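Here is how the chains run, residue by residue.
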Amino acid sequence: MGKAQEGENEVKVMKIQIYWSKDWHRRWLWSPVFMGSGIGLYLALPFEPYFLWSLLLLVFLCLSRIRKMLFPFICIAFGFFIANFKTQILDIQMIQKPLYSRIIEGKVLQVEILPSGEKRIILKLKDETKVRLKIKGDECFGFQIGDEISGNGHLFPFSSPLIEGSYDFKRQAFFQGLSAQGVLNAKTIMIKSVSKSLSLESLRRSLTERIYAALPDEKGAIVAALITGEKTKISKS
């Protein structure tokens, strides 16, 4: 019985070797799939693995004598390692409790127009952390991307999944480099300094606003999404 089982295992190994020898020239077409599987495996873990473990596993597989046959597992390990490495180098300090009625001051990195007409910005604070803020109020403000502004507002932590398997806003914010979300009172906004440089993001924002002005309906939202990648005004229906 044992010899028969060993013989079956040897046959399976030979079949795998034959398959890879025939399909070896197309292995790189499958590598993104295997790497994505490794990234998905990392994100599915309920705990944070030690960075050294993923590195040692990758090195062990790469130095193996049968590394040609282990190519899919090497790609999976590489994807796992890349995801783990990015988590380590980000080191985003996310707030854990709400911070009310604070003076929020920083540099405007991004401006978005939501489907409701409200504006949302990403602000880089003095301590180099980034926060996403919704402008509360109908007052018109004249700041642009690159300007330094300050105002009164509230900061809140990102919410974890409400149920197991649901969308994880906190994890998404972490990989976007965001430390908190919040609201900024439009009446209290002050422009402290105006940016004199013309960035790619400001050009993108200017072009998007021109498209919205020329095509204010759903067509404008679709045109802006195709040209500048701005999708916030596309209705979900």
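From a predicted model like this one, the values you see are computed outputs, not experimental measurements.

J.: Please set out the packing of helix α3 (residues 51-62) against helix α4 (residues 71-90) residue by residue, giving values where relevant.
T.: Across the interface, α3 lies against α4 with an axial gap of 9 Å and an inter-helix angle of 155°. In terms of orientation, α3 lies roughly antiparallel with respect to α4. Between α3 and α4 the crossing geometry is left-handed. Between α3, through Phe51, Ser54, Leu55, Leu57, Leu58, Leu61 and Cys62, and α4, the contact on the second element is made entirely by Phe73, Ile74, Ala77, Phe78, Phe80, Phe81, Asn84, Phe85 and Gln88. Of the residues belonging to the contact of α3 with α4, the class tally is 13 nonpolar, three polar and no charged.

J.: So what's going on with the environment of Ile95? Which residues, and what values?
T.: Within the secondary structure, Ile95 sits in the loop between α4 and β1 (99-113). Along the chain, Ile95 and Phe158 lie 63 residues apart, while their C-alpha atoms are 8.3 Å from each other. Aside from chain neighbours lying at most four places away, what touches Ile95 is Leu155, Phe156, Pro157, Ser179 and Ala180.

J.: Break down the nonpolar core for me, with residues and values.
T.: With 18 residues, the main nonpolar core has Ile121, Leu123, Leu133, Ile149 and Leu184 as its most contacted residues. Those residues within four positions of Leu123 in sequence are excluded, and the remaining contacts are Ile104, Glu105, Gly106, Lys107, Val108, Thr129, Lys130, Val131, Leu133 and Ile149. Counting residues in each nonpolar core, the second largest holds seven residues, with Ile92, Met94, Ile122 and Phe174 among its members.

J.: Outline the pattern of salt bridges, supporting the account with residue identities and numerical values.
T.: Inspection of every chain in the model, using the stated rule, returns four salt bridges. With a shortest N-O distance of 2.9 Å, Arg120 and Glu112 are connected by a salt bridge. On the basis of relative accessibility, which here comes to 13%, the residue Glu112 falls in the buried class. The structure contains a network of salt bridges with shared partners spanning Glu105, Lys126 and Glu148.

J.: I'd like a rundown of unusual backbone geometry, residues and numbers included.
T.: Even without being glycine, Ser101 reaches a positive phi, approximately 45°. Along the chain, the position of Ser101 falls in strand β1. A relative accessible area of 54% places Ser101 in the exposed class. With a phi angle near 75°, Glu128 is a residue other than glycine that sits in the positive phi range. If you trace the backbone, Glu128 turns up in the loop between β2 (119-125) and β3 (130-136). Judged by relative accessible area, Glu128 falls into the exposed class, the value being 52%.

J.: An account of the environment of Gln110 is needed here, citing residue identities and associated values.
T.: With respect to the helices and strands, Gln110 occurs in strand β1. Take Gln110: its relative accessible area is 22%, and that puts it in the partly exposed class. It is 9.1 Å that separates the C-alpha atoms of Gln110 and Arg132, two residues lying 22 residues apart in sequence. A polar contact is formed between the side chain of Gln110 and the side chain of Glu112, at a distance of 3.3 Å.

J.: Which residues make up the packing of aromatic side chains, and what values do they have?
T.: In this structure the tally under the stated criterion is ten aromatic pairs. Both rings, one in Trp28 and one in Phe71, keep their centres 5.3 Å apart while their planes meet at 90°; by these two values the pair is edge-to-face. Of this pair, Trp28 sits in helix α2 (residues 27-44) while Phe71 sits in helix α4, and the two are 43 residues apart along the sequence. Take Trp28: its relative accessible area is 53%, and that puts it in the exposed class. An angle of 35° between the planes, with centres 6.0 Å apart, marks the rings of Phe51 and Phe85 as tilted. Of this pair, Phe51 sits in helix α3 while Phe85 sits in helix α4, and the two are 34 residues apart along the sequence. For Phe51, a relative accessible area of 27% gives the class partly exposed. Taken together, Phe51, Phe81 and Phe85 form an aromatic cluster joined through their ring pairs.

The rules we used
- Residues numbered from 1 in each chain as written.
- Predicted model: local features only at pLDDT ≥ 70, side-chain atom pairs only at ≥ 80, totals over all residues.
- Heavy atoms only, no water.
- Axes fitted to C-alpha atoms, helices over the stretch in contact; angles between N-to-C directions.
- Helix = DSSP H or I, 4+ residues; strand = E, 2+ residues; numbered from the N terminus.
- Parallel < 35°, antiparallel > 145°, perpendicular 65-115°, else oblique.
- Left-handed = near helix turned anticlockwise from the far one by under 90°.
- Contact = heavy atoms within 4.5 Å.
- Nonpolar A, V, L, I, M, F, W, Y, C, P; charged D, E, K, R; others polar.
- Core = buried A, V, L, I, M, F, W, Y, C linked by side-chain atoms within 4.5 Å.
- Buried < 20%, exposed > 50% of the residue type's maximum accessible area, 1.4 Å probe, protein only.
- Salt bridge = Lys/Arg side-chain N within 4 Å of Asp/Glu carboxyl O.
- Polar contact = N/O pair within 3.5 Å; in protein donor to acceptor, adjacent residues only side chain to side chain.
- Phe/Tyr/Trp six-rings, centres within 6.5 Å; stacked < 30°, edge-to-face > 60°.

As far as function goes, none of this settles anything; it's purely spatial.
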